[in-house]
Amino acid sequence: MTGQKGATTVIVGGGVTGLSAGWWLARDGMDVVVIDKGIIGWEASGRNGGGCTHYQSQLFDEEQRLWPQMDQLLGYPTEYRRERVIVAINELQFARYRRMAEITRAMGYPSSELDPRQVRELVPLAGDNAVGAVHFHFGGHANPQRTVQAYGWALQDLGGRLMQHTFVTGFSTAGGKVVAVRTNRGEIGLDNLVIAAGPQTGRLLRLLGHDLPLAAGRAEMIVTEPLPLMTHGGVDGNGLYGRQTLRGNLAYGGGPHEWVEAGDGQAVARPSTPLLRNLARRLAELFPKAGHVRMIRSWAGIIENTPDGRPVIDRLADPGNVTVATMSSVGFGLSPATGHAIRDLVIDGRCRFTDLGKLRLDRFAGLDPDWAARRGWVPIAA
Amino acid sequence: MQDPKSVAGKHGAPAEHAELLVIGAGPAGIAAAIAGARDGAKVVLVDENPVAGGLMGLDVPLFYGQRMTAAVHNKPRMVEQVLSAKPALEEAFEAGVDVRLGVYAWGAFVNGPGVQTLPGRVVGLADDERSWLIGFDRLVVAAGARDFVVSFAGVEQPGVIGARALQSLIATYDAFDGRRIVILGSGDLAVETAQQAQARGLEVACLVEVRDSAQSVTDLPVLTGHAVARAVGGPSGIEAVDLVGPGGAVTRIACDTICLAIGLVPVVELADVLGCRLAARGDSGGHVPLVDGEGRSSIPGVSFAGDCAGVPSGDGYGYRLDWVRAQTRAGDGRELVCLCEEVSRAELLGMQPPRYLGCPPPQGHDLSSMLADGPPSHDQMKRLTRVTMGHCQGRRCREQVALHLALASNLDPAEVPLAGYRAPVRPLPLTVLADADEEQVMRDRWEVWFGIPGQWTPYADIGTEREVLDDESGLGDHMHL
Ligand SMILES: Cc1cc2nc3c(=O)[nH]c(=O)nc-3n(C[C@H](O)[C@H](O)[C@H](O)COP(=O)(O)OP(=O)(O)OC[C@H]3O[C@@H](n4cnc5c(N)ncnc54)[C@H](O)[C@@H]3O)c2cc1C
Ligand SMILES: Cc1cc2nc3c(=O)[nH]c(=O)nc-3n(C[C@H](O)[C@H](O)[C@H](O)COP(=O)(O)OP(=O)(O)OC[C@H]3O[C@@H](n4cnc5c(N)ncnc54)[C@H](O)[C@@H]3O)c2cc1C
C-alpha cells in the first residue's frame with residue numbers, strides 16, 4: 001500500500017524524538033520516512049544543553065544503558081561523555097544536589113560528595129567560593145547538533161528517508177485510521193503515524209480530535225570561546241546546566257524562560273536577549289578562573305511543556321494507528337530510550353521494556369481549558 | 001496570574017536612555033548624530049574604537065592579521081589618536097552629542113515575535129570593564145563594512161590583513177606594523193588602499209588580479225591572471241607570496257603583508273540580531289537591511305546609514321566567485337577556510353567532522369548528498385564541520401563558505417540563506433558581560449529549568465504520597481537536565 005511517496009510509518013517531526021523513533025523502526029527493517037518543516041534538529045533538539053541524566057523518568061535506566069553505546073550503534077559520533085559533577089557555591093544549592101544524589105543512589109546509581117578542596121582538584125576552573133559538589137558516576141552529556149545528524153544519517157543508512165522542508169498541514173483518515181499526511185508537497189500515504197512535532201504536537205493532535213495541553217516556552221543558552229579540556233566536561237551547578245564541549249567551549253543555560261505563542265511552527269522566532277548577562281554572571285561565579293573567557297554566542301530554543309512537566313508517550317485508541325510523543329522539555333537525553341518506546345508502541349502496541357502508564361494522554365482528561373492562563377503560562381500581550 | 005518563574009518583570013530598567021542612539025562614529029554615524037543634536041534630541045554616539053588590543057588579536061571587528069604595533073595596547077594614547085584621526089568628532093562635541101569612544105554595542109533588542117519581556121527598546125553596551133543597557137527612542141546603526149576574505153595556503157599567518165583593517169591601522173590608529181604590501185584585487189578598493197599606503201610611505205609591491213585584466217585604471221603594477229599559490233612565512237609572519245600565473249608559472253614576491261582588497265561586506269550583525277528584514281544584494285556587497293529612501297528599516301525607529309546599508313560592489317557576487325574559484329584551483333584543499341576552528345577547504349567540501357574528533361568522514365554522506373536532501377544551509381555546515389563557529393564569530397569565513405555552497409548547489413549566491421548572527425556580536429569576557437546590578441527578583445526566582453512543580457518527581461512516586469513530599473521538600477528545582 002505504500003505508494004511512490006508513502007511509507008509504512010510516517011513520522012511527523014525531525015527532532016531527536018522523531019529521528020530516534022525512525023532509527024529504531026528502521027533497525028527493525030521498517031520502511032520509515034521522517035518529515036520536518038525545515039532541516040532536521042533545527043528546533044529544540046539542536047539547541048539544548050545535551051544533558052542525559054533524567055533520573056525522574058521511567059526511561060532513565062534505558063537512557064543510561066543506551067548512551068554509552070550510541071556512537072557505536074549509530075555509527076557516527078555523538079560526543080557523549082559520561083559522568084557529571086555538580087558544583088554548589090552555597091548551602092542551598094548543595095542541599096539540592098545532595099537530594100539528587102539521594103534519589104539516584106536509592107535507584108542504584110552511585111555518586112560521591114566532594115569537599116571544596118576536592119572540587120578545585122577535579123574542576124580546575126572552580127574557585128574558592130565552591131562549598132562542595134556531587135560527583136555522579138553516571139549520566140553525562142552529548143552534543144545535540146552532532147547527535148541529530150548522527151540519528152539522521154544512521155536512519156538513512158538503514159534505508160529510512162528524510163523529507164526536509166516539508167510542512168505537514170493535516171491528515172486524511174478512513175475507517176478509523178489515518179491513511180495519509182497532507183503536506184505542502186502533497187499527500188504521503190502510511191500504515192502507521194507517529195507525531196513527534198515538539199511544541200506543535202498539540203496543534204496536530206487537535207486535527208485528530210484530541211486535546212494535548214501544551215505550552216511553548218523560550219529558553220536561552222550561551223557559549224564561550226574554547227578552553228583547555230577539563231578531565232570532566234560535564235560540570236555545572238550554581239543554577240546553570242551545561243557542559244564543556246569536547247572542543248573546549250563552555251556551553252551553559254538556565255534561568256527564567258518566556259512563554260511564547262507556539263503558532264503553527266512555520267515561522268519560528270527564537271531571539272536571544274540580554275539574559276545572556278545573567279547567565280554570564282552565574283558562569284563566572286561557577287568558574288571564577290574562567291571570568292576572562294569570552295562569550296562568543298547566545299541562542300534560544302522553543303520548548304514544549306505539559307501541565308505536569310512530564311512527557312506524553314502514548315498510542316491513541318482512535319484513530320488506531322497513531323502514536324504520539326512529546327517530551328515536556330527533557331527530551332534530548334531521553335531520546336535513545338524514547339525512540340525505543342515508540343518503536344514498541346508502533347510495532348507491538350505497547351512498551352515492552354517498561355511501564356509508561358503514567359505518561360498517557362488521558363491523564364489530562366477533564367483539565368480546565370484555561371489551565372495555561374490560570375498559571376500564567378501564556379505570552380505577555382504585545 | 002503570572003508564572004513567577006518566567007522572565008516577565010525580571011529585567012531592571014536600562015541604566016540610561018538616549019532619545020537618539022547612534023552606533024558607529026564613521027562619517028555616516030557622525031553626520032546622523034550631529035543632525036539629531038541640531039534637531040534638539042539628546043544624542044549618544046558610541047564607537048568601539050579604540051578597540052582593545054586583545055580583541056584586535058582575535059581579528060575583531062576587522063581582519064587586522066596581527067599587523068598592529070604594540071601601541072594599540074596603550075589605551076589613553078589610542079583614545080587621543082582616534083580623536084585626532086576623526087576631526088569631525090569635534091563638531092559632534094560642539095553640537096552637544098554625548099560621544100563615547102571605546103564602547104562596544106554587543107547587541108540590540110526590541111520586543112517582537114518570540115519576545116515581549118524586554119525592558120523596552122535597548123542596546124547592550126560595554127567598555128573593557130563592564131556592560132550595561134541603554135534604552136533608545138530612535139536608533140541609527142552606522143556600523144560600516146568589513147573585508148571579504150578568500151583563503152589560500154598560509155592565510156593563517158601574521159601579515160594577512162583586510163583592506164578596511166589596514167586602512168584603520170594606518171589612518172585611525174597610526175599603528176600599522178608592516179612595510180611592503182602585496183594587494184589582492186585590482187578594483188577601486190584595491191587601488192585606493194594602495195594609494196593610501198603609498199601616501200604613508202609604505203611600499204606596494206604589486207596588485208594581484210585573478211581576472212585577465214585590471215578592474216580599474218591604475219599606474220600600479222598589476223599581475224593579472226594570477227592567484228595566490230601560498231603565503232610564505234617565518235616566525236614573525238609573511239615574508240613572501242608565491243603567485244601562480246597562466247600556465248602554472250610561479251612568481252615569488254617579497255612582502256611582509258598581504259592585503260585582501262577584493263570586496264567589502266556590510267556589517268549587518270546588529271540588524272540581524274534585531275530581527276530587521278535583510279535582503280541579499282550582490283551589488284551592495286552582500287546581505288543588507290531592507291530600508292526606505294531615508295534608511296528606515298522594517299523595525300520602526302531603527303535606521304541604517306553609510307556602508308552598513310550597502311557598499312557599491314561592481315558586478316556583485318561574480319567577482320568574488322571568480323576569486324573563490326581561482327583560489328580553489330590554486331590550492332590543494334588544505335588551505336584553511338575557517339581560521340578559528342581550523343577547517344580546510346577540503347574538509348568543508350567533504351563535510352568532515354572537526355579535527356578534535358579524529359574520526360573518518362561520514363561514508364556516503366557528503367555535500368552533494370546534503371544538497372540532495374534540501375537547499376544549501378550554511379547553518380548545517382556549521383554544525384557538521386564547525387566552520388564559522390569560532391571566536392572571530394565568522395567574520396573571516398562566512399562569505400567564502402556561502403559562495404562555496406552556491407557553487408556546489410549551482411545557485412545564485414543570493415539564494416544561499418544567511419547564517420544567523422547572535423549576540424554578543426563582540427566576543428567579550430564573561431566578567432565584562434555579567435550583569436553586576438541584576439534585580440533581586442532575578443536572583444530570588446532563578447531556576448535551572450522551568451520550575452514546574454512535580455516535573456522532577458521520580459516516576460515511582462507519581463500518584464503516591466511521596467509525590468507531595470517531593471514537592472514540599474522546599475528544595476525546588478533540583479534537576480540538572
Ligand atoms: C535551551 C534548551 C536547553 C535544553 N536542555 C536540555 C538538556 O540539557 N537535556 C534534555 O534532555 N533536554 C533539554 N532540552 C529540551 C529538549 O531539547 C527537547 O525536549 C527535545 O529536543 C524535544 O525534541 P522533539 O524531537 O520532541 O521536539 P523538537 O526538537 O521540537 O522537534 C520537533 C520537530 O517537528 C518539526 N515540526 C513541527 N511541526 C511540524 C509540521 N507541521 N510539519 C513538519 N514538521 C514539523 C519541527 O520543525 C521540529 O524539528 C533543552 C531545550 C532547550 C531549548
Ligand atoms: C583605503 C580606503 C580609502 C578610502 N578613502 C576614501 C576617501 O578618500 N573618501 C571617501 O569619501 N571615502 C573613502 N573611503 C571609504 C570610506 O572610508 C567609507 O566609505 C566610510 O568610512 C564609510 O563610513 P561609515 O560611516 O559608513 O562607516 P565606517 O567609517 O566604517 O564607520 C563605522 C564605525 O562603526 C564602528 N562600529 C561598527 N559596529 C560597531 C559596534 N557594534 N559597536 C561599536 N562600534 C561599532 C566601527 O568600528 C567604525 O568605527 C575609503 C575606504 C578605504 C578602504
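About the cut-offs
Residues numbered from 1 in each chain as written. Chains lettered and ligands numbered in written order. Predicted model: local features only at pLDDT ≥ 70, side-chain atom pairs only at ≥ 80, totals over all residues. Heavy atoms only, no water. Helix = DSSP H or I, 4+ residues; strand = E, 2+ residues; numbered from the N terminus. Rg over C-alpha atoms; globule rule 2.2 N^0.38 Å. Buried < 20%, exposed > 50% of the residue type's maximum accessible area, 1.4 Å probe, protein only. Contact = heavy atoms within 4.5 Å. Areas by Shrake-Rupley, 256 points an atom, 1.4 Å probe, with all protein chains shown as cover. Lys, Arg positive; Asp, Glu negative; His and termini not counted. Charge placed at Lys NZ, Arg CZ, Asp CG, Glu CD. Pairing = 2+ DSSP bridges. Axes fitted to C-alpha atoms, helices over the stretch in contact; angles between N-to-C directions. Near = heavy atom within 4 Å. Polar contact = N/O pair within 3.5 Å; in protein donor to acceptor, adjacent residues only side chain to side chain. Salt bridge = Lys/Arg side-chain N within 4 Å of Asp/Glu carboxyl O. Nonpolar A, V, L, I, M, F, W, Y, C, P; charged D, E, K, R; others polar. Parallel < 35°, antiparallel > 145°, perpendicular 65-115°, else oblique. Left-handed = near helix turned anticlockwise from the far one by under 90°.

### Considerations on the overall build of chain B
Line of reasoning, step 1. Helix and strand counts for chain B come out as 15 helices and 22 strands.
Line of reasoning, step 2. Radius of gyration (C-alpha) of chain B: 25 Å, near the 23 Å computed for a compact globule of 481 residues.
Line of reasoning, step 3. Taken over the C-alpha atoms alone, chain B extends approximately 85 × 65 × 45 Å along its principal axes.
Line of reasoning, step 4. A buried classification covers 61% of the 481 residues belonging to chain B.
Line of reasoning, step 5. By sequence separation, contacts in chain B at least 24 residues apart represent 63% of the contacts at least 6 residues apart.
Line of reasoning, step 6. Accessible area of chain B: about 17,800 Å², with a carbon and sulfur share of 49%.

### Comments concerning the overall build of chain A
Line of reasoning, step 1. Helix and strand content of chain A: ten helices and 17 strands.
Line of reasoning, step 2. Here chain A has a C-alpha radius of gyration of 21 Å; the compact-globule value for 382 residues is 21 Å, and the two agree.
Line of reasoning, step 3. The principal-axis extents of the C-alpha atoms in chain A amount to approximately 65 × 50 × 40 Å.
Line of reasoning, step 4. For chain A, the residues scored as buried account for 67% of the 382 residues in total.
Line of reasoning, step 5. For chain A, the proportion of contacts with a sequence separation of at least 24, taken over those separated by at least 6, is 72%.
Line of reasoning, step 6. Taken as a whole, chain A presents about 12,400 Å² of accessible surface, with 49% of it coming from carbon and sulfur.
Line of reasoning, step 7. Taken together, the 41 basic and 37 acidic charged side chains of chain A have centroids lying 3 Å from each other.

### Describing the sheet that holds strand S8 (residues 160-162) of chain B
Residue and element names in this part refer to chain B.
Line of reasoning, step 1. One open sheet holds the five strands; their spatial order is S8-S15-S9-S10-S11, and the pairing between them is parallel. At either end of the open sheet lies a strand with only one pairing partner, and these are S8 and strand S11 (222-224). Taking each pair of neighbouring strands and ignoring which way they run, the sheet shows an average axis angle of 25°.
Line of reasoning, step 2. Sheet topology places strand S9 (residues 180-184) next to strand S10 (residues 203-209); five bridges connect them, and they run parallel. Bridged to isoleucine 183 within S10 is leucine 207.
Line of reasoning, step 3. With respect to the sheet, helix H5 (residues 163-172) is in contact with S8, S9 and strand S15 (257-260), its orientation differing from that of S8 by roughly 85°.
Line of reasoning, step 4. Seen against the sheet, helix H6 (residues 188-199) touches S9, S10 and S15 and runs at an angle of roughly 170° to S10.

### Overview of the site of ligand 2
All names here are of chain B.
Line of reasoning, step 1. Among the 26 residues in the neighbourhood of ligand 2, the closest are listed as Ala28, Asp47, Glu48, Arg164 and Asp307.
Line of reasoning, step 2. Alanine 142 has a polar backbone atom sitting 3.5 Å from an oxygen atom of ligand 2.
Line of reasoning, step 3. The separation between an oxygen atom of ligand 2 and a polar side-chain atom of glutamine 167 is 3.3 Å.
Line of reasoning, step 4. Relative to its free-state accessible area of 990 Å², ligand 2 is covered by the protein chains to the extent of 72%.
Line of reasoning, step 5. Per-element tally for the shell around ligand 2: the top contributor is H6, with four residues.

### A few points about the site of ligand 1
Line of reasoning, step 1. Close contacts around ligand 1 come from 38 residues, with Thr17, Asp36, Lys37, Ser45 and Gly333 of chain A the closest.
Line of reasoning, step 2. Close to ligand 1, residues of chains A and B are found.
Line of reasoning, step 3. Between ligand 1 and aspartate 36 of chain A there is a distance of 2.5 Å, counted from an oxygen atom to a side-chain nitrogen or oxygen.
Line of reasoning, step 4. Between ligand 1 and alanine 44 of chain A, the relevant distance is 3.2 Å, taken from an oxygen atom to a main-chain nitrogen or oxygen of the residue.
Line of reasoning, step 5. Out of a free accessible area of 1,000 Å², ligand 1 has 99% covered by protein chains.
Line of reasoning, step 6. The set of elements that each furnish at least two residues to the shell around ligand 1 consists of helix H1 (16-27), strand S10 (215-224), strand S15 (294-305) and helix H9 (331-348) of chain A.

### Brief notes about the pattern of salt bridges
Line of reasoning, step 1. Taken as a whole and judged by the stated rule, the model has 55 salt bridges over all chains.
Line of reasoning, step 2. The partner of glutamate 438 of chain B in a salt bridge is arginine 281 of chain A, with the nearest N and O atoms 3.7 Å apart. Here glutamate 438 of chain B is found in the loop between helix H13 (430-433) and helix H14 (440-444), whereas its partner arginine 281 of chain A is found in helix H8 (residues 275-286) on a different chain. By the burial criterion, glutamate 438 of chain B is buried, and arginine 281 of chain A matches it.
Line of reasoning, step 3. Across the pair aspartate 292 of chain B and arginine 296 of chain B runs a salt bridge whose closest N-O atoms are separated by 2.9 Å.
Line of reasoning, step 4. Classification of arginine 296 of chain B by relative accessible area gives partly exposed; the value is 48%.

### Details of the pairing of strand S14 (residues 250-254) of chain B
Line of reasoning, step 1. Where strand S13 (residues 237-244) of chain B meets S14 of chain B, five bridges bridge the pair, whose relative direction is antiparallel. Following the sheet pairing, leucine 243 of chain B is matched in S14 of chain B by threonine 251 of chain B.

### What to know about the environment of glutamine 400 of chain B
All names here are of chain B.
Line of reasoning, step 1. Relative to the elements of secondary structure, glutamine 400 occurs in helix H12 (residues 398-409).
Line of reasoning, step 2. C-alpha of glutamine 400 to C-alpha of valine 337: the two residues are 63 residues apart in sequence and 7.6 Å apart in space.
Line of reasoning, step 3. Among the polar contacts listed, one links the side chain of glutamine 400 to the side chain of arginine 345, at a separation of 2.9 Å.

### Points about the sheet that holds strand S3 (residues 81-88) of chain A
All names here are of chain A.
Line of reasoning, step 1. Spatially, S4-S5-S3-S11 is the arrangement adopted by the four strands of the open sheet, whose pairing is mixed. The strands lining the two open edges of the sheet, one partner per strand, are strand S4 (111-114) and strand S11 (235-237). Shown here is a sheet whose adjacent strand axes are inclined to one another by a mean of 30°, direction ignored.
Line of reasoning, step 2. Sheet topology note: the S4/strand S5 (residues 132-141) ladder contains four bridges and is antiparallel. Residue pairing for S5: leucine 114 is matched across the bridge by alanine 133.

### With respect to the interface of chain A and chain B
Line of reasoning, step 1. The interface is formed by 105 residues belonging to chain A together with 90 residues belonging to chain B.
Line of reasoning, step 2. The tally of links from chain A across to chain B stands at six salt bridges.
Line of reasoning, step 3. Arginine 282 of chain A is the partner of glutamate 438 of chain B in a salt bridge, and the nearest nitrogen-oxygen pair spans 2.7 Å.
Line of reasoning, step 4. Run the count over chain A and chain B and you get 53 residue pairs in polar contact (both at pLDDT 80 or more).
Line of reasoning, step 5. With ten residues, H8 of chain A is the single largest residue contributor to the side of chain A that touches chain B.
Line of reasoning, step 6. Of the residues assigned to the side of chain A that touches chain B, the class counts are 49 nonpolar, 33 polar and 23 charged.
Line of reasoning, step 7. Here S15 of chain A pairs with strand S22 (residues 428-429) of chain B via two bridges, running antiparallel. Note that in S22 of chain B the partner of methionine 295 of chain A across the bridge is leucine 428 of chain B.

### Quick look at the pairing of strand S9 (residues 186-195) of chain A
All names here are of chain A.
Line of reasoning, step 1. Here strand S1 (residues 7-12) runs beside S9; their pairing, made up of five bridges, is parallel. Paired with valine 12 across the bridge in S9 is isoleucine 195.
Line of reasoning, step 2. Looking at chain direction, strand S8 (residues 177-183) and S9 are connected through four bridges and run antiparallel. When the sheet's bridge partners are listed, alanine 180 is paired in S9 with glycine 189.
Line of reasoning, step 3. Here S8 folds back onto S9 in antiparallel fashion, the turn holding two residues.
Line of reasoning, step 4. The sheet contact formed by S9 and strand S17 (residues 322-326) spans three bridges and is parallel. Across the sheet, residue isoleucine 195 finds its bridge partner in S17, namely valine 324.

### Structural notes on the packing of H5 of chain B against H6 of chain B
All names here are of chain B.
Line of reasoning, step 1. Closest axis-to-axis distance for the H5/H6 pair is 10 Å, and the angle between their directions is 25°. Classed by the angle they form, the pair H5 and H6 counts as roughly parallel. In this structure, the crossing between H5 and H6 has a hand that is left-handed. Taken together, the residues of H6 that come into contact with H5 (itself represented by Ala163, Leu166, Gln167, Ile170 and Ala171) are Leu189, Thr193, Gln196 and Ala197.

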